[in-house]
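Listed below are the residues making up each chain.
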Amino acid sequence: TTGPTREYLDPVRYISNDSSGKQGYEIAVALNKLGVKTTLITGPTNLIINADIKIKKVVSAKEMFNEVKKTLPVDIAICAAAVADFKPIKKNKNKIKKNQNSFTSINFEENSDIVEFLGKNNKNRPSIVVGFSAETENLHKNAIIKLREKNCDIIVSNDVSKKDSGINSDYNRVSIIDGNGNFKVFKRSKKSFIANKIAKVVLDKLLIDDRNFN
Ligand code: PMT
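Keep in mind the model is a prediction, meaning the values are calculated, not measured.

Caption draft 1: Representation of the nonpolar core. One finds Ile78, Ile198 and Val202 to be the most contacted residues of the largest nonpolar core, which totals 22 residues. When residues of this core are traced back to their parent elements, those giving at least two are helix H1 (22–33), strand E5 (76–79), strand E8 (128–135), strand E9 (154–159), strand E10 (171–178) and helix H5 (191–210). Broken down by element, the residue count for this core peaks at eight residues, all from H5. With residues near it in sequence (within four places) discarded, Val202 still touches Ile76, Ile78, Ile128, Val130 and Ile154. Counting 18 residues, the second largest nonpolar core, distinct from the first, contains Leu72, Ala77, Val115 and Val129.

Caption draft 2: Up close: the site of the ligand. What surrounds the ligand is a group of 29 residues, the closest being Ser19, Ser20, Lys146, Asn158 and Asn168. Contact between the ligand and Phe132: an oxygen atom at 2.9 Å from a main-chain N or O atom of the residue. Ala134 is positioned such that a nitrogen or oxygen atom in its backbone is 3.0 Å from an oxygen atom of the ligand. For the ligand, the protein covers 95% of the area, taking 780 Å² as the surface of the free molecule. Broken down by secondary-structure element, the contributors of at least two residues to the shell around the ligand are H1, helix H3 (114–119) and E8. Partitioning the shell around the ligand into residue classes produces 12 nonpolar, 11 polar and six charged.

Caption draft 3: Looking closely at unusual backbone geometry. With an omega of 5°, the peptide bond between Leu72 and Pro73 qualifies as cis. You can see Pro73 is positioned in the loop between helix H2 (61–71) and E5. Not every positive phi belongs to a glycine, and Asn151 is a case in point at roughly 55°. With respect to the helices and strands, the residue Asn151 is situated in the loop between helix H4 (139–149) and E9. Here Asn151 falls in the partly exposed class, since its relative accessible area comes to 36%. Even without being a glycine, Asn168 presents a positive backbone phi close to 60°. Checked against the element boundaries, Asn168 lands in the loop between E9 and E10. Taking the relative accessible area as the measure of exposure, Asn168 reaches 46% and is therefore partly exposed.

Calculation criteria
- Residues numbered from 1 in each chain as written.
- Predicted model: local features only at pLDDT ≥ 70, side-chain atom pairs only at ≥ 80, totals over all residues.
- Heavy atoms only, no water.
- Core = buried A, V, L, I, M, F, W, Y, C linked by side-chain atoms within 4.5 Å.
- Buried < 20%, exposed > 50% of the residue type's maximum accessible area, 1.4 Å probe, protein only.
- Helix = DSSP H or I, 4+ residues; strand = E, 2+ residues; numbered from the N terminus.
- Contact = heavy atoms within 4.5 Å.
- Near = heavy atom within 4 Å.
- Polar contact = N/O pair within 3.5 Å; in protein donor to acceptor, adjacent residues only side chain to side chain.
- Areas by Shrake-Rupley, 256 points an atom, 1.4 Å probe, with all protein chains shown as cover.
- Nonpolar A, V, L, I, M, F, W, Y, C, P; charged D, E, K, R; others polar.

The following block contains the structure:
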């Protein structure tokens, strides 16, 4: 998955974030180059898709979740999307008026957690589930908590507090962390470079896990 999701309040207004979809797209490109049949489920972005990848476009977290479910079974799931954790309970049918007295607060409900659904899915669990962790503080600690809570095999932690990398940048700074707490740290690099590293770690893990030890 990649990109943001949009959670609409009325036909023209929504809650979202600045994710460009680049990091997830570059991972799909890297896997595709290595011969992995890849589907990219993407929220609304301005990405120009050059690679020969199957694309499924969605808008809301709910739509993204449904597309993910439809795409199963898969061997590898990599969830780089910046999915909205919450959505407004009510979407107004018409554009909310400025003088609409009742509109003083928004009530939210939680969206389903897609990567957690994948990680804990007994029937159709992908062999490798990779989550991302976007944080502005306690990067490693919070990433490891997410890895455990969502039952991921790998989590990619990135610092989204910096202007020169992370969300909506061509660059990223990440740590790739596995279930044993081992981590590889990558200093500020192009997202395409980081994508190649993530693809390699994931495929190595898939091949090692698949090996038949006698
Ligand atoms: O898109 P770019 O501009 O290239 O930026 C890339 C990125 C910074 C957005 C990306 O590298 C990244 O960190 N993506 C995850 C952003 C995020 O939502 O992080 P989180 O820590 O809030 O979520 C943890 C994990 O749960 C993520 O894998 C997320 O996809 C997943 N999640 C979250 C909520 C939800 N309802 N469903 C989910 O699957």
